[in-house]
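Close look at the chain arrangement
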Amino acid sequence: MTHSLHILADRIAIEACLYRYAHLIDAMQYHRIADEVFTPDGLIDFGGAKAVGRDAIHAQCMTYQGALLGCCHNVTNVVIEVDGDEARAASRILAWHWFAIPDADPLRATDLLAVGGYEDRLRRTPDGWRIHERRGLNFGTGVGAGQVPEPMRPIFAGMQGRAPTWPA
């Protein structure tokens, strides 16, 4: 029973890490993401945007500042596999984006709905579970809502067509 409680506690902590990323993005707390979500040697691979190490992840996340008026990432269908101090997780994402467009109606419908997911490898650290590798998946964008703006096209295009590799 004790072993099961440890696995359950790990799974809860890992989900909290996945949700923390989404909440920090949605709260526009970009400056906190690298330190609070990723390992020091962490990797983000969003296809058209890749960052290795906390400094690079921080720099990438800070590019969102000023580009987004707001967003809402819904994390769902989380699958987790724990192996000691390492784990992997797969999740699906619905992410609504409102871009910082001059003179646009602030109460308008979403500018873009991105449908995709993340495949993560995580490590237990002294500060808790952190993402070591994040691979973004893009199953589609728009779904009848909005267009991808030019600065973000390489990111979405780079993830387009990626099939999930896990769980099989």
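Structure report, in brief. (Residues numbered from 1 in each chain as written. Predicted model: local features only at pLDDT ≥ 70, side-chain atom pairs only at ≥ 80, totals over all residues. Heavy atoms only, no water.)

As for the packing of aromatic side chains
How we decide: Working definition: a ring pair exists when centres of Phe, Tyr or Trp rings (six-membered ring for Trp) sit within 6.5 Å. Plane angles under 30 degrees give stacked, over 60 give edge-to-face, the rest tilted. Runs of E in the DSSP output that reach at least two residues are strands. Runs of H or I that reach at least four are helices, and both are numbered from the N terminus. Accessible area is worked out with a 1.4 Å probe on protein chains only. A residue is then buried under 20% of its type maximum, exposed over 50%, and partly exposed in between. Definition used: whenever NZ (Lys) or CZ (Arg) falls within 6 Å of the ring centre and also within 35 degrees of the ring normal, the charge is taken to sit over that ring.
In total, this model carries four aromatic pairs according to the counting rule given. A centroid spacing of 6.2 Å and a plane angle of 85° characterise the contact between Tyr21 and Phe38, whose relative ring orientation is edge-to-face. Placement of the pair is Tyr21 in helix α1 (residues 2–26) and Phe38 in strand β1 (residues 38–45), with a sequence separation of 17 residues. Since its relative accessible area comes to 3%, Tyr21 is described here as buried. Taking the centre distance of 5.9 Å and the plane angle of 75° together, the rings of Tyr30 and Tyr64 count as edge-to-face. With a gap of 34 residues between them, Tyr30 in helix α2 (residues 30–37) and Tyr64 in the loop between α3 (54–62) and β3 (68–83) connect regions that are remote in the sequence. The pair Tyr30 / Tyr64 is uniform in exposure class, with both members buried. An aromatic cluster of at least three residues, connected via ring pairs, comprises Tyr21, Phe38, Phe46 and Tyr118. The residue whose ring lies beneath Arg134 is Tyr21, and the NZ or CZ to ring-centre distance is 4.4 Å.

What about the nonpolar core?
Here is the rule: Nonpolar core, defined: a set of buried Ala, Val, Leu, Ile, Met, Phe, Trp, Tyr and Cys residues in which side-chain atoms within 4.5 Å join the residues together. Whether two residues are in contact is decided by their heavy atoms, any of which lying within 4.5 Å being enough.
Counting residues in each nonpolar core, the largest one holds 38 residues, and the members touching the most others are Tyr21, Ile33, Val37, Phe38, Phe46 and Leu122. Per-element accounting of this core gives the leading share, seven residues, to α1. Once residues lying within four places of it in the same chain are set aside, the contact partners of Tyr21 are Ile33, Val37, Phe38, Phe46, Tyr118 and Arg134.

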